[in-house]
Amino acid sequence: MKTTAGKLSAWFVATLLVVVFLGYMTTQVIQPAYVPGVASTGPAGLTDVLFYVLAAVTIAGAAGVALSRNILYSAVGLLMALLGAGSLYVFLSADFVAVTQLLIYIGGVLVLILFAVMLTNRITEVNVSNTSFGSFGGALLGISVAPVLIAVVTLTPWPARAPAALAPTTALIGNGFLTKWLLPFEVASLVLLATLVGAVVIARKEIKAD
Amino acid sequence: MSRLFGMIFVLGGLVVALVGLGWAFYLLAGFLAVTFANAGLPAQYGAVIGNLLTLLLVVVMVPGSLLSVAERKWSALIQNRIGANRIRIAGSSLGGIPFLVADAVKMLTKERFQPDQATRFLFNLAPILAFAPVFALFAIVPVGPAVPLSAINGAEGALGRVAIALQVASPDAGLLYLFAIASLAVYGTSLAGWASNNKLALLGGVRAASQMISYEVSLGLALVGTMIAYRTLRLEEMVVAQGQGVLGAIPALGILLQPVGFLIFFASAFAETKRAPFDLPEGESEIVGYFLEYSGMQFGLLFLSEFVEIVILSGVIVAVFFGGWHPILFEETLRAQLSPLAFAAIGAGAFLGKMVVLMWVQMLIRWVLPRFRYDQIQKLCWKILLPAALLNIFITAAAVLVDPSLRLLAGIGLVELVAMGAITAAVSRAPKAAHGHADAHGTDHGTAHAAAGH
């Protein structure tokens, strides 16, 4: 894999796999017959404006994560993207999911990422902190995937319907987790526990090696 | 004797003023609700706007800024000094309150200084990120009970049945919203430390991040017990549940049902405010803190967010553990004798009064206790508070499962309270044996802080 040819062939194989996978997924998505959308296009209300603003914040944040040279800016971009996605959940009447997104991804995961970034060696030298590589392969992947994604976006019949009213869901979700979906819930917690133990094991080993 | 009468007079005046404040809040919210209804908008919008103005601007901001004066005067009281008194208006220092104006003028007119090679965008963003989430926390705190609009200003028909409560928002996720927003506060401090391009500030930021993410865990777990006991996540429902009697006439207060949960929550939330004894991120005597490079109002925002956190923490603790707006004493008589609006105003006044007491307690802790060493802070969180919180959840769940009427839980809580009192008494009687030890630990900190000032 050290040579350029080897790298290129690896990229081609990866691209091919992704395209095949996405193509298959596309057929799965589009299989329900394409019906011209009967979207009720009313005048753009305050809600619509809010939606587009939040969507723009999400996309701008995601772009910042990918394009920024400074890794701290990338972290702030991720913060914006996650916040925007969380607020979009509110538009789907899923306030519990929105709050959970805030609590876990922004308050937990991203803070830990930020913490790790701040402890990184040579963090003050911005240029080495967030370099980009593999631009040719990335462009190839992007170009080959784009038609599939565009096809999905244009061909899928997106049903436009008003979301359900904001109803209390917390108790329902809690009951669901502890009754009907108990097994998946417990399995997920087991996976998280295994991750925790694994992290501790890795950290302890490093200390012993010193 | 005259001093005693003076104190009674001042305290009585304070209580009357707080009740009057609650009354005024209800009148404003009711007036705006009717105005909005007349303009064809939902009446609740008007009530929410009124509550935003009264609760967030008056109840949070005014004590938040007054606490900066109170910190000087109360610390002086504790250390047997007089405190700030050099600004005199008509020969009186007015309890140091003019210093508030002086501080504001100083901070607003000071040069806004940017350190060389600081990350400009993040440097300017950090104070906003530190202040805004703290401010948003108070939105879910229920200061007063719901009162029908007809009882406030005699609105008729369907409009009269609209319930007006002194609470800005009531999301179904309730306490989860609290945890989620509280976890945002860490961004302000850690980014401020990083963006300053200063090693000491970076140290402060890293310390703040590690301390706050550690204590967030026990903060969340401490309240699970109350969630189990009251079977709700909404703060206003918790407050209502605390009004019912559980052991005879004793109401089911959170402090009675969950004394251990209260201690853990108070300690963790105190650590989240980053004040002494948990002031490692600031560490005036060693690293100055994450706000080292800030000046002017940007420093003011970082500084003010600390005080606002105190106010919010008092509000949340009152709502969850001290019965919220229930006046507790003579409650049934008051409810029967007075009009709904007067009762609600007394409730709001009771809430605000309890908040004032808790703010005083927090100031007391900050100026009396010596600070922890860094490893002690982490040890306290992970080895004491976290296991205690988990045990508390287990015991609470078992007690509620055995006896859903909460009587068993209240009995356990009573035993825990007595045990805590006994342990405190036993420990505090021992200073003679451990005299040298106590001396080595922490004398000078209080005076060091006082000398450094802010």
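In what follows, the structure referred to is the one given above.
Residues numbered from 1 in each chain as written. Chains lettered and ligands numbered in written order. Predicted model: local features only at pLDDT ≥ 70, side-chain atom pairs only at ≥ 80, totals over all residues. Heavy atoms only, no water.

Draft legend 1. A look at the overall build of chain A. A tally of regular secondary structure across chain A gives eight helices and zero strands. Mapped in sequence order, the helices and strands of chain A form the string α-α-α-α-α-α-α-α. For chain A, the residues scored as buried account for 21% of the 210 residues in total. The contacts in chain A between residues at least 6 apart in sequence include a share of 69% that link residues at least 24 apart. By element, 75% of the accessible surface of chain A is carried by carbon and sulfur atoms, the whole surface being about 14,800 Å². (Helix = DSSP H or I, 4+ residues; strand = E, 2+ residues; numbered from the N terminus. Buried < 20%, exposed > 50% of the residue type's maximum accessible area, 1.4 Å probe, protein only. Contact = heavy atoms within 4.5 Å. Areas by Shrake-Rupley, 256 points an atom, 1.4 Å probe, with all protein chains shown as cover.)

Draft legend 2. Structural view of the pattern of salt bridges. Residues and elements named next belong to chain B. Tallied over the full model, the rule gives twelve salt bridges over all chains. The partner of R275 in a salt bridge is E71, with the nearest N and O atoms 2.6 Å apart. Of this pair, R275 sits in the loop between α13 (259–272) and α14 (296–321) while E71 sits in helix α2 (residues 43–78); the two residues are 204 residues apart in sequence, bridging distant segments of the chain. For the pair formed by R275 and E71, the shared burial category is buried. (Salt bridge = Lys/Arg side-chain N within 4 Å of Asp/Glu carboxyl O.)

Draft legend 3. Here's a closer look at the interface of chain A and chain B. Taken together, the 23 residues of chain A in the interface contact 28 residues of chain B. Together, the buried faces of chain A and chain B total about 2,200 Å²; carbon and sulfur atoms form 81% of this surface. Across the contact surface, chain A and chain B share zero salt bridges. Here chain A and chain B share three residue pairs in polar contact (both at pLDDT 80 or more) between them. Residue assignment for the side of chain A that touches chain B shows that the elements contributing at least two residues are α3 (71–91) and α4 (95–118) of chain A. (Buried area = accessible area lost by both parts, 1.4 Å probe. Polar contact = N/O pair within 3.5 Å; in protein donor to acceptor, adjacent residues only side chain to side chain.)

Draft legend 4. Layout of the packing of helix α1 (residues 2–38) of chain B against helix α16 (residues 340–368) of chain B. Residues and elements named next belong to chain B. Closest axis-to-axis distance for the α1/α16 pair is 7 Å, and the angle between their directions is 125 degrees. Of the possible angle classes, the one that applies to α1 and α16 is oblique. Handedness of the crossing formed by α1 with α16: right-handed. On α16, the residues that touch L18, V19, L21, G22, W23, Y26 and L27 of α1 are L341, A342, A344, A345, I346, A348, G349, L352 and G353. (Axes fitted to C-alpha atoms, helices over the stretch in contact; angles between N-to-C directions. Parallel < 35°, antiparallel > 145°, perpendicular 65-115°, else oblique. Left-handed = near helix turned anticlockwise from the far one by under 90°.)

Draft legend 5. Quick look at the packing of α4 of chain A against helix α8 (residues 185–195) of chain B. Axis separation between α4 of chain A and α8 of chain B bottoms out at 11 Å; the angle between their running directions is 15 degrees. On the basis of their axis angle, the class for α4 of chain A and α8 of chain B is roughly parallel. The handedness of the crossing between α4 of chain A and α8 of chain B is left-handed. Residues I106, L110, V111, L114 and M118 of chain A of α4 of chain A lie in contact with α8 of chain B, whose contacting residues are V186, Y187, S190, L191 and W194 of chain B. Residue composition of the contact of α4 of chain A with α8 of chain B, by class: nine nonpolar, one polar and no charged. (Nonpolar A, V, L, I, M, F, W, Y, C, P; charged D, E, K, R; others polar.)

Draft legend 6. Expanded view of the environment of D95 of chain A. As for its position among the elements, D95 of chain A is in helix α4. A relative accessible area of 13% places D95 of chain A in the buried class. Sequence spacing of D95 of chain A and W181 of chain A is 86 residues, and the spatial spacing of their C-alpha atoms is 20 Å. The contact partners of D95 of chain A, leaving out residues within four places of it in the chain, are L166, A167 and T169 of chain A together with D172 of chain B.

Draft legend 7. Region of the structure containing unusual backbone geometry. All names here are of chain B. The phi angle at N80 is positive, at roughly 60 degrees, despite the residue not being glycine. Along the chain, N80 turns up in the loop between α2 and α3 (98–109). Given a relative accessible area of 73%, N80 falls into the exposed group. Residues other than glycine seldom take positive phi values, yet R231 does so here, at roughly 55 degrees.

Draft legend 8. Inspection of helix α6 (residues 135–155) of chain A at higher detail. Residue and element names in this part refer to chain A. Between its first and last C-alpha atoms α6 spans 30 Å; for 21 residues at 1.5 Å apiece the expected length is 30 Å, and the two agree. Along α6, the helix axis deviates most sharply at A146, where the bend reaches about 35 degrees; the proline P147 sits within four residues downstream. Listed as buried for α6 are G137, V145, V148 and V152. (Expected span 1.5 Å × (residues − 1). Bend = angle between axes of the 7 residues up to and from the residue.)

Draft legend 9. Expanded view of the nonpolar core. Residues and elements named next belong to chain B. The biggest cluster of nonpolar side chains holds 142 residues, and the ones touching the most others in it are F138, L175, Y187, L223, F265 and M355. By residue number, the principal contributor to this core is α14, which donates 16 residues. Not counting residues within four places of it along the chain, the set of residues in contact with L223 comprises L175, L178, F179, F265, V320 and F321. (Core = buried A, V, L, I, M, F, W, Y, C linked by side-chain atoms within 4.5 Å.)

Draft legend 10. Summary view of α2 of chain B. Of all bends in α2 of chain B, the biggest is about 35 degrees, found at V69 of chain B. Positioned one or two residues after α2 of chain B, N80 of chain B has a phi angle of 60 degrees, which is positive.

Draft legend 11. A look at the packing of aromatic side chains. Scanning the model with the defined rule gives 19 aromatic pairs over all chains in all. Summarising the aromatic geometry, the rings of F51 of chain A and Y52 of chain A are spaced 5.4 Å apart at their centres and angled 75 degrees between planes, so their arrangement reads as edge-to-face. For Y52 of chain A, a relative accessible area of 58% gives the class exposed. Residues F303 of chain B and F307 of chain B carry aromatic rings whose centres are separated by 5.1 Å and whose planes lie at 80 degrees to one another, so their mutual orientation is edge-to-face. Taken together, the residues F303 of chain B and F307 of chain B, both in helix α14 and four residues apart, mark about one turn of the helix. Residue F303 of chain B is classed as buried on the basis of its relative accessible area, which comes to 10%. These aromatic residues form a ring-pair network of at least three members: Y215, F262, F265, F266, F270, F278, F321, F322 and F372 of chain B. Stacked on the ring of W367 of chain B, the Lys or Arg R366 of chain B has its end atom at 4.2 Å from the ring centre. (Phe/Tyr/Trp six-rings, centres within 6.5 Å; stacked < 30°, edge-to-face > 60°. Lys NZ or Arg CZ within 6 Å of the ring centre and 35° of its normal.)

Draft legend 12. A look at the pairing of strand β2 (residues 163–166) of chain B. All names here are of chain B. Here β2 shows a buried face lined by I164 and L166 and an unburied face lined by A163 and A165. Bridge count for strand β1 (residues 144–148) against β2 is three bridges, and the pairing is antiparallel. Pairing of P148 across the sheet is with A163, part of β2. (Pairing = 2+ DSSP bridges.)

Draft legend 13. Structural view of a nonpolar patch on the surface. Residues and elements named next belong to chain B. A cluster of nonpolar side chains, namely L21, L28, F31, I49, L53, L57, V58, V62, L66, I89, L94 and I97, defines an oily patch on the protein surface of about 960 Å² accessible area. Contributing elements (two or more residues each) for the nonpolar patch: α1 and α2. Sort the elements by how many residues they give to the nonpolar patch and α2 lands first, with six residues. The residue V58 is located in helix α2 in this model. (Patch = residues over 30% accessible without salt bridge, like charges linked within 9 Å, V, L, I, M, F, W, Y side chains within 5 Å.)

Draft legend 14. Geometry of the environment of A269 of chain B. All names here are of chain B. Counting through the fold element by element, A269 comes out in helix α13. Using a relative accessible area of 7% as the deciding quantity, one classes A269 as buried. Here the alpha-carbon distance between A269 and I49, two residues 220 residues apart in the chain, equals 29 Å.

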